[in-house]
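Notes for the structure review
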Amino acid sequence: MIDATHDPALRSWVDVPAGHDFPVQNLPLGIFSAAASAPRAGMAIGERIVDLAALAAAGLLKLDAALVAGPTLNALLADAAARQTVRRQVSALLTDESHRAAVEPHLVQVREASLHLPCRVGDYTDFYVGIHHATNIGRLFRPDAPLLPNYKYVPIGYHGRASTVRVSGAPVVRPHGQRKGPSEDAPTFGPCRRLDYELEMGVWIGRGNDLGQPIPIAEAGTHVAGLCLLNDWSARDLQAWEYVPLGPFLAKNFLTSVSPWVVTAEALAPFRIAQALRPEGDPAPLPYLSDLGDQARGAFAIDLFVHLSTAATRAAGSAPVRLAASAARHMYWTVAQMITHHSSNGCALQPGDLLGTGTISGPDDASLGSLIEMSRGGAQPVALPGGETRTFLEDGDEVTLTARAVAEGFVPIGFGACVGRIAG
Ligand code: CA
């Protein structure tokens, strides 16, 4: 999977600031519109977007132009060969100065473009594979036995709501719902008082599977089109009251934010790492979830970050404060195991389906992926620079998720940002 497009010596004639998320080795896919143009497919390079539809129309890209005409990436993501062809061709166009005059007119400044949800999301499923998060949350309810017995056998998940997946930047409207505190006799209906974020990665499904045809674990990787950042906004007070016995419902489905760029499976090839060995005494995955190749390179060397700005920090001109630095290696199950388990009963996945990993916390206090963990269930306010504190999110708070894939011998690549500000 490593090829000339990953060569760390590659430089583009497009000016890319040092350390930028989108060097020519990345080339993430997205849907954008600019000026009078309708939403169409683009690739990010530095602070510019390559207009793939325009390149195809100009004969500079050899592929079925319908795949990049927009307004969604579903068809392109489903076609791994086409995805790889676009990557190779655009890499060549952007690194060979002789193509500059022909290609440059088809570049758009990011600041002059609007970014859209990259796919028509048919279904959205959220998993729970961040074992430190699952342990921390479980401990709030069951101090002696935080993880339930199924956790190390089943990649736990639930079906989320596709209609409320939005691209980064969508306002976060504080949901109303039933809230019942531990000391209250009965619930009341009103605005959420324990609004939280969840640091997750999203998986964009490429090729789907037919109903009744499970995806074998050894093939699951070929169904991954790419990854993004995902914020599973959560109303903890609604959740605590409603979740028994069927799990998350209105506490989760009011909004899910994703970063606009699909960092493709091809771009991520250099950043595949071995899945962490299970601790001594943990059960081995059942055979349908076991694959040597997946264990050898099914995880990702991706660092994850959460930053917060508040109305007060912005008014003071202060930089956003970092709330957490975590990493994708804290997933107890691989992406392939998530996909294989999801389809193991014959459930059909479709191109453009979105899977969330679940909150990815690390083992220490500086790597917690949600406020409910940082504040110990709301019991210990988190101190912010400037004297503010938070147990949960307040109106005006803005949460930014970012990520960076890093591997020795390769140019690091990033994901852009997944941003949401609490309205009010
Ligand atoms: Ca979640």
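I will try to describe carefully the structure that is included in this document.

Rules behind the numbers
- Residues numbered from 1 in each chain as written.
- Predicted model: local features only at pLDDT ≥ 70, side-chain atom pairs only at ≥ 80, totals over all residues.
- Heavy atoms only, no water.
- Donors = N, O, S within 2.8 Å, 3.2 Å for Na, K, Ca; no water.
- Helix = DSSP H or I, 4+ residues; strand = E, 2+ residues; numbered from the N terminus.
- Buried < 20%, exposed > 50% of the residue type's maximum accessible area, 1.4 Å probe, protein only.
- Contact = heavy atoms within 4.5 Å.
- Polar contact = N/O pair within 3.5 Å; in protein donor to acceptor, adjacent residues only side chain to side chain.
- Pairing = 2+ DSSP bridges.
- Salt bridge = Lys/Arg side-chain N within 4 Å of Asp/Glu carboxyl O.

1. Remarks on the coordination of the calcium ion
Note on the calcium ion: its protein donors are Asp 126 (OD), Glu 198 (OE), Glu 200 (OE) and Asp 232 (OD). The metal-donor distances range over 2.2 to 2.3 Å. Motif for the calcium ion, donor spacing along one chain: D-x71-E-x1-E-x31-D. Here Asp 232 lies in the loop between strand E13 (224–231) and strand E14 (234–235) and Asp 126 lies in strand E6 (residues 124–127), a separation of 106 residues in the sequence. Exposure class is identical for Asp 126 and Asp 232. Each is buried.

2. Examining the environment of Asp 196
Take Asp 196: it is sitting in strand E11 (residues 195–196). Linking Asp 196 and Phe 249, residues 53 residues apart in sequence, is a C-alpha distance of 15 Å. Each residue touching Asp 196, except ones within four places of it in the same chain, is listed here: Trp 233, Ser 234, Arg 236, Ser 370, Leu 371, Ile 372, Phe 392 and Leu 393. Within the structure, Asp 196 has its side chain in polar contact with the side chain of Arg 236 (distance 2.9 Å).

3. Some details on the pairing of E13
Within E13, 8 of the 8 residues are buried, leaving the element largely enclosed by the surrounding structure. Pairing between strand E12 (residues 199–205) and E13: 7 bridges, direction antiparallel. Considered in E13, the bridge of Gly 202 is made with Cys 228. Alignment of E13 against strand E16 (residues 263–264), held across 2 bridges, turns out to be antiparallel. If you follow Gly 226 over to E16, its bridge partner there is Thr 264. In terms of strand pairing, E13 meets strand E15 (residues 256–258) through 2 bridges, oriented antiparallel. Among the inter-strand pairings, Leu 230 is bridged to a residue of E15, identified as Val 258.

4. Description of the environment of Thr 310
On the secondary structure map, Thr 310 appears in the loop between strand E19 (302–309) and helix H8 (311–315). Exposure remark for Thr 310: the relative accessible area of 1% places this residue in the buried category. For Thr 310 and Val 399, which are 89 residues apart along the polypeptide, the C-alpha to C-alpha distance reads 8.9 Å. Not counting residues within four places of it along the chain, the set of residues in contact with Thr 310 comprises Leu 384, Glu 388, Arg 390, Gly 396 and Asp 397.

5. A closer look at the pattern of salt bridges
Applying the stated criterion across every chain, the model contains 17 salt bridges. We note a salt bridge from Arg 100 to Glu 104, for which the minimum N-O separation is 3.3 Å. Between Glu 398 and Arg 421 there is a salt bridge whose closest N-O contact spans 3.0 Å. Of this pair, Glu 398 sits in strand E24 (residues 398–405) while Arg 421 sits in strand E25 (residues 413–421), and the two are 23 residues apart along the sequence. Taking relative accessible area as the criterion, Arg 421 reaches 36% and is therefore assigned partly exposed. Each of the salt bridges in this network shares a partner with another, and the network as a whole consists of Asp 196, Glu 198, Asp 232, Arg 236 and Lys 252.

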